[in-house]
Amino acid sequence: MTTDVMLTETLKTDLEVLHMWKPSRPITKTRAFLFLTEDVASRVNNPWDERESLRGRTKAVFDDFIENGRPNYGLFEESGGRNGIAQMKVMAPAPGIRLFGAFIHPSCFVGLRLFHRDELPFKPTGQKGRIDYKTLNSELIHEWVTLLPSVDRIRIKDL
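Note that this is a predicted model, so its numbers are computed, not measured.

S.K.: I'm lost on the nonpolar core in this one. Help?
M.R.: Across soluble globular proteins, nonpolar side chains have a tendency to be buried as a group. By size, the foremost hydrophobic cluster in this structure holds 24 residues, and its most contacted members are Leu34, Phe62 and Leu99. Secondary-structure elements contributing two or more residues to this core are strand E2 (33-36), helix H3 (38-45), helix H4 (52-68), strand E4 (86-90), strand E5 (97-105) and strand E6 (108-116). Sorting elements by how many residues they give to this core places H4 first, with five residues. In terms of nonpolar packing, the next biggest core, distinct from the first, is built from 19 residues, Phe100, Leu112, Leu140 and Trp144 among them.

This is the structure:
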């Protein structure tokens, strides 16, 4: 049994409140897992109207992550602080999306919230484009502890 299969068996109870991303295209091998909250899964699986090309690109990036795993990209970055919250960035087509969540294993990312770039919470300082990571990360940590109280987050630098 591979580490990834053991991971899903071990966390099955904890992760049953989440949706495991099912690739939208045939893939050759599963090297990573992506779990999404109900809200994120629903958003990605339903039309985005004028942003349908961005939804298609987002689904393709999710599929690529599952097929190739994290090491093949510069796709993820820390979301600030030492709390294990990370973000997956899909920058094109504009406005792009950010999927915030955390790694629970080097080959498993849990996505809690998805934002179009223009939906991100910005600092109320009047500085255009300054994301309020402090408030967002605090909310995400609270959401994580509520949803997955027994699952530890892993910082990207520790993967």
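S.K.: How do you make sense of the pairing of E6 when you look at a structure like this?
M.R.: Among the nine residues of E6, eight are classified as buried, and the element is accordingly described as predominantly covered. Of the pairings in the sheet, the one linking E2 to E6 comprises four bridges and is parallel in character. By the bridge assignment for E6, Phe33 is matched with Cys108. Linking E5 to E6, which pair antiparallel, is a turn of two residues.

S.K.: Any chance you could explain unusual backbone geometry here in plain terms?
M.R.: For residues that are not glycine, phi is negative in most cases, and the peptide bond is trans in most cases. The amide bond that connects Ala92 to the next residue, Pro93, takes the cis arrangement and shows omega of -5°. Looking at the secondary structure, you find Pro93 in the loop between E4 and E5. At the junction of Ala94 and Pro95, the peptide bond is cis and its omega measures out at 10° in the coordinates. Take Pro95: it is sitting in the loop between E4 and E5. Positioned with a positive phi, Asp49 is a non-glycine residue whose angle comes to about 50°.

Criteria and thresholds
Each chain has its residues counted from 1, running along the sequence as written. Local features in this predicted model are restricted to residues of pLDDT 70 or higher, and side-chain atom pairs are both shown and tallied only at a pLDDT of 80 or more, whereas totals for entire chains, interfaces and linings draw on every residue. To obtain the side-chain values, all non-hydrogen atoms of the structure were used and water was disregarded. Joining through side-chain atoms within 4.5 Å is the link that ties buried Ala, Val, Leu, Ile, Met, Phe, Trp, Tyr and Cys residues into a set, and such a set is a nonpolar core. The buried label applies to any residue whose accessible area, calculated with a 1.4 Å probe on protein chains only, is under 20% of its type's maximum; exposed applies above 50%, and partly exposed to all values in between. Segments assigned H or I by DSSP are reported as helices when at least four residues long, segments assigned E as strands when at least two residues long, and all are numbered from the N terminus. DSSP calls a pair of strands paired once it identifies at least 2 bridges connecting them.

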